[in-house]
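Structural overview for review
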Amino acid sequence: MNDHAFHTITVALGQRSYPVWIGAGLLADHARWRAVLRGRHALVVSNTTVAPLYLPRIEAGLDGLHRSTFLLDDGEMHKSFANVGRALEALGELGATRDACVIALGGGVVGDLAGFSAACWMRGIDFIQMPTTLLAMVDSSVGGKTGVNLPVGKNLAGAFHQPRAVIADIDTLATLPDREYRAGLAEVIKGAAIGDEPFFAWLEQHAAALAARDPAIVMEAIARKVRYKAGVVARDETEQGERALLNFGHTFGHALETAGRYTTLLHGEGVAVGMLLAARLSEQLGMSEPAATARLQRLLETLGLPVAIPPGMDAQQLLALMRLDKKNTAGTLRLILWRGIGRAEIVGGVNEADVLAVLQAAG
């Protein structure tokens, strides 16, 4: 890859600002990321799929530090409190002091759990995100949301804890299975769908190249999505207003993931179906035109993403799961809906009967 195919995007949060580096060969660029580490201790959190591929590159850059590794099994169901406990035990065994650093090497599950563990240890130590999936690069690694799943629902325990840096080495996408890659594209589409109509048109125009993983187009898509998200996070770090728009499709999507016990749908697949359901609900409420829904469905299908609720999921059960969502206020659903592409908004007091009708129609 050429040097021009390297992006630095800053998440501007005053003294807690940090860079997101996007490029090829970054995991092996030890001089760049080692400078971010402040103390003598480093715990690398990864999983059993990613570690054999990329852990040696990280360990080579940690010479001279007290370091250890904590490996999760691969999958959303391992984003649990039990594993946070194990990560904290690993920090204890390492003798980690307050200037220690947790390095998250993996996808969104690893990043969320490692970040939450770092937020808990001594009430908050440094961590660095090294995302190895497209979804983590464009979404979960940026913005400081960390957390774990509970049996009753997704991400219900968590903390805002910003990383010191995000190192997105696009070489890691070469080993990403096709399904995981497509799931990551759902989060790219989401950013365009909620606030950037020209980017949505760009994605439509380059859909074939994105599906084929053209490196220059993939890099550009990552950078555009991260730049958009970084702006939102800088303006509304703890989700008092605008940042909630990033949950477009997520209330539906999380319900679908939870109903499938985190094994039926990948997060990005849940978001893809969820966005389409949100678009249909917006249309039903007279907020948006059928043409916008059709454009979204076409782009999702072109990129090989699911657009239907998996068989066997009950509309009433999904509605019950949606009631638990963090954005709700007493007794009513608060959803992110849209007035068409690039025009998402927060809508409170949504009638459950309308939601149920959309869920039943899509079953």
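From a predicted model like this one, the values you see are computed outputs, not experimental measurements. (Residues numbered from 1 in each chain as written. Predicted model: local features only at pLDDT ≥ 70, side-chain atom pairs only at ≥ 80, totals over all residues. Heavy atoms only, no water.)

Bringing helix 12 (residues 290-302) into the picture now. Over its 13 residues, helix 12 extends 18 Å from the first C-alpha to the last, a length consistent with the 18 Å expected when each residue adds 1.5 Å. Those residues of helix 12 that fall on the buried side of the exposure criterion are Ala292, Thr293, Leu296, Leu299 and Leu300. Taken down its axis, helix 12 places every buried residue within 130° of arc, on the same side. On its buried face, helix 12 is in contact with helix 6 (178-195), helix 7 (197-205), helix 8 (207-211), helix 11 (267-284) and strand 10 (333-338). A positive backbone phi angle near 75° is found at Gly304, which sits one or two residues after helix 12. (Helix = DSSP H or I, 4+ residues; strand = E, 2+ residues; numbered from the N terminus. Expected span 1.5 Å × (residues − 1). Buried < 20%, exposed > 50% of the residue type's maximum accessible area, 1.4 Å probe, protein only. Arc of directions from axis to C-beta. Contact = heavy atoms within 4.5 Å.)

One non-glycine residue, Arg123, lies in positive phi territory at about 60°. One can find Arg123 in the loop between helix 4 (108-120) and strand 6 (126-131). For Tyr262, which is not glycine, the phi torsion reads 60° and is therefore positive. By the secondary structure assignment, Tyr262 is in the loop between helix 10 (250-259) and helix 11.

Let us look at the pattern of salt bridges. If you walk through the whole model with that rule in mind, you get 21 salt bridges. The salt bridge partner of Arg32 is Asp29, with a shortest N-O separation of 3.0 Å. Its relative accessible area of 26% is what places Asp29 among the partly exposed residues. The closest approach of N and O atoms between Asp178 and Arg213, which form a salt bridge, is 3.7 Å. Note that Asp178 is positioned in helix 6 and Arg213 in the loop between helix 8 and helix 9 (215-235), a separation of 35 residues in sequence. Exposure remark for Arg213: the relative accessible area of 24% places this residue in the partly exposed category. Among the ionic contacts, a cluster of salt bridges with common partners joins Glu76, Lys79, Asp112, Lys154 and Glu257. (Salt bridge = Lys/Arg side-chain N within 4 Å of Asp/Glu carboxyl O.)

Here we come to the packing of helix 6 against helix 11. Where helix 6 contacts helix 11, the two axes come as close as 7 Å, and the packing angle between them is 45°. Regarding the angle of helix 6 to helix 11, the classification is oblique. Here helix 6 and helix 11 pass one another in a crossing that is left-handed. Contacts from Arg179, Ala183, Ala186, Glu187, Ile189 and Lys190 of helix 6 reach helix 11 at His267, Gly268, Glu269, Val271, Ala272 and Met275. Taken together, the residues of the contact of helix 6 with helix 11 break down into 6 nonpolar, 2 polar and 4 charged. (Axes fitted to C-alpha atoms, helices over the stretch in contact; angles between N-to-C directions. Parallel < 35°, antiparallel > 145°, perpendicular 65-115°, else oblique. Left-handed = near helix turned anticlockwise from the far one by under 90°. Nonpolar A, V, L, I, M, F, W, Y, C, P; charged D, E, K, R; others polar.)

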